[in-house]
Each structure stands twice: as C-alpha cells, then as structure tokens.
Amino acid sequence: MDSENKQFSHLDPTGNPQMVDVSQKAITKRVATARALMALPPEVAEKFQEGEIQTAKGPVFQTAILAGTMAVKQTSNLIPLCHPLAIEKIHVDISLTSSNEVSIFCTVTTTGKTGVEMEALTGASMAALTIYDMCKALSHHMTIKEVRLWKKSGGKSDFEAEKKS
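Let me begin by describing the structure that accompanies this report. (Residues numbered from 1 in each chain as written. Predicted model: local features only at pLDDT ≥ 70, side-chain atom pairs only at ≥ 80, totals over all residues. Heavy atoms only, no water.)

Concerning the side chain of Thr-122
Along the polypeptide, Thr-122 turns up in helix α3 (residues 117-135). When near neighbours in sequence (up to four residues on either side) are disregarded, Thr-122 contacts Ala-71, Thr-75, Leu-78 and Ile-79. (Helix = DSSP H or I, 4+ residues; strand = E, 2+ residues; numbered from the N terminus. Contact = heavy atoms within 4.5 Å.)

Focus: helix α2 (residues 60-78)
Taking 1.5 Å of rise per residue, 19 residues should cover 27 Å, yet α2 covers just 24 Å from first to last C-alpha, more than 12% shy of that figure. The sharpest bend along α2 measures roughly 45 degrees and falls at Val-72. On its buried face, α2 sits against β2 (48-49), β3 (52-55), β4 (58-59), β5 (89-96), β6 (101-112) and α3. (Expected span 1.5 Å × (residues − 1). Bend = angle between axes of the 7 residues up to and from the residue.)

Overview of the packing of α2 against α3
Closest axis-to-axis distance for the α2/α3 pair is 7 Å, and the angle between their directions is 140 degrees. Taken together, the axes of α2 and α3 lie oblique to each other. Between α2 and α3 lies a crossing whose hand is right-handed. Contacts between α2 and α3 pair Val-60, Phe-61, Thr-63, Ala-64, Ala-67, Gly-68, Ala-71, Val-72, Thr-75 and Leu-78 from the former with Met-118, Glu-119, Thr-122, Gly-123, Met-126, Ala-127, Thr-130, Ile-131, Met-134 and Cys-135 from the latter. (Axes fitted to C-alpha atoms, helices over the stretch in contact; angles between N-to-C directions. Parallel < 35°, antiparallel > 145°, perpendicular 65-115°, else oblique. Left-handed = near helix turned anticlockwise from the far one by under 90°.)

Quick notes on the pairing of β6
Counting buried positions along β6 yields 9 of 12 residues, so the element is predominantly enclosed. Pairing of strand β1 (residues 28-39) with β6, which is carried by 12 bridges, proceeds in the antiparallel orientation. Bridge pairing in β6 links Thr-33 to Thr-107. Alignment of β5 against β6, held across 8 bridges, turns out to be antiparallel. By the bridge assignment, Ile-90 is partnered in β6 with Val-108. Once β5 ends, the chain turns through 4 residues before running back antiparallel as β6, passing Asn-100 with a positive phi of about 60 degrees. (Buried < 20%, exposed > 50% of the residue type's maximum accessible area, 1.4 Å probe, protein only. Pairing = 2+ DSSP bridges.)

Any functional reading would require information beyond the geometric quantities listed.
Now the structure itself:
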C-alpha cells in the first residue's frame, strides 16, 4: 500500500476517534523494540561505576528498568486508543556509552491480534524519564534526545530502523 492510499486507522468514517477493530486479525507472535537515547552531562556521567549510577534515591538504572516495565503494563491506560494486551515478556536494557549517552532498549512480546510498538515506546520513555528524575539533583542538563521504534515483527509488516547511531 503506497502512502497516498494509507488512512488513519483510528478514525471512523465520520472522522471521530475509535479503537481499531482487530477482531478479524490473525493471532501472531508480535515483538517490538524501542530505543531512547539520553545525553548526560559530565557531573552525572562521572557517577557511573560498575554498570550503575548510585544516588540517594537508589540505583538509577535498576529503578529505571522497573519503571519501564511498569509503564509497558499501563500503556492502554495512558494512550486512549491502545488495546489492553496480555504482555508475555518485557526486557529493558540500559547502558552508558563511551560518549556519555545512555542507551535504553525496551523489548515487548505478546501473542495476539495487535502489536506492541506503543508499549515498547512507553517503556523506553518512562525509563528515560526515571533516569532524569533520579539524577536531576546532580544536574538539569540531561537531554532525552530520541525515542523511536527500533524494530518490530509480527502482524501485517516487519520494520527495522536505519541504525545511524
């Protein structure tokens, strides 16, 4: 289907919002990964030791993993037209690169009639926001640079982002 023939699936024929009807879709395994990137200023990055940043609030990355996991499970409560899904697996991976960037990958798996892209994006976003919240006492100069779908499989089509960075 070319871009001229694509329609917004969340609008009914009169233009009102609606949840997409997935009743006729096939049940398939669906996996989506989202990535969030954060830039840390030196005063935050220098606190990184042995795979973690420790603050008075606790371990930053471990807490962000829990926040991302919790957010995935709440996606349909946060985004009005998302279907509630039976999530089968959530994996959040957080690492600090050599250029003082935090890379957050959130992968979500389900077997169902609709995908988990929004759940993966929500999980990666909330993990990034949690890192910001836990480190803001050190500096407000953190930047959430990017949140994007990294890849997805299952359903009508597969997708993989061009990996520039």
